[in-house]
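Structural characterization, general
Read off the chains here:
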Amino acid sequence: VTKADRREAERIAGQLRALGLIEGPVDLIQSERDLGATHTVAFYDQEKKALYVRGTDLSDTDTRITLVHELTHA
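Please read these numbers as outputs of a predicted model, since none were measured by experiment.

So, on to the overall build of the chain. Across its full length, the chain carries 3 helices and 2 strands. Relative to the compact-globule value of 11 Å for 74 residues, the chain shows a C-alpha radius of gyration of 17 Å, a clear excess of over 25%. In terms of principal-axis extent, the alpha carbons of the chain reach across some 50 × 25 × 15 Å. In the chain, which comprises 74 residues, the proportion classed as buried is 15%. A separation threshold of at least 6 residues defines the contact pool for the chain, and within that pool the share at least 24 residues apart is 23%. Of the roughly 6,000 Å² of accessible surface on the chain, 56% is carried by carbon and sulfur atoms. One finds the centroid of the 10 positive side-chain charges in the chain at a distance of 7 Å from the centroid of its 13 negative side-chain charges.

This is how it looks when you write it as structure tokens:
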């Protein structure tokens, strides 16, 4: 996360506060990470050239579909 990312997150948080949608200190970057961690089942890390998939059972159709989807990104 860069300093520019932090500034942008604070700018957006300020807008959300002005609209009355959030109150007090909110770390939007960490909130996005937390949300992503609960909903992400797989991702390809371009920098590390690594694929991460939740689940180990390749006989499971959903896991195989997710794996193929992420392989297209790789």
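Still to come is the rest of the account.
Given 3.6 residues per turn, any residue in an α-helix points the same way as the ones three and four places further on. If you check helix α3 (residues 61-73), its first and last C-alpha atoms are 19 Å apart, about what 13 residues at 1.5 Å a residue would give, namely 18 Å. Considered for burial, the residues of α3 that qualify are T63, T66 and E70. Along α3, the residues classed as buried sweep out an arc of 65° about the axis, all on the same side. The exposed set on the far side of α3, more than 90 degrees from its buried face, consists of I65, V68 and T72. On its buried face, α3 is in contact with β1 (42-45) and β2 (50-53).

Analysis parameters
- Residues numbered from 1 in each chain as written.
- Predicted model: local features only at pLDDT ≥ 70, side-chain atom pairs only at ≥ 80, totals over all residues.
- Heavy atoms only, no water.
- Helix = DSSP H or I, 4+ residues; strand = E, 2+ residues; numbered from the N terminus.
- Rg over C-alpha atoms; globule rule 2.2 N^0.38 Å.
- Buried < 20%, exposed > 50% of the residue type's maximum accessible area, 1.4 Å probe, protein only.
- Contact = heavy atoms within 4.5 Å.
- Areas by Shrake-Rupley, 256 points an atom, 1.4 Å probe, with all protein chains shown as cover.
- Lys, Arg positive; Asp, Glu negative; His and termini not counted.
- Charge placed at Lys NZ, Arg CZ, Asp CG, Glu CD.
- Expected span 1.5 Å × (residues − 1).
- Arc of directions from axis to C-beta.

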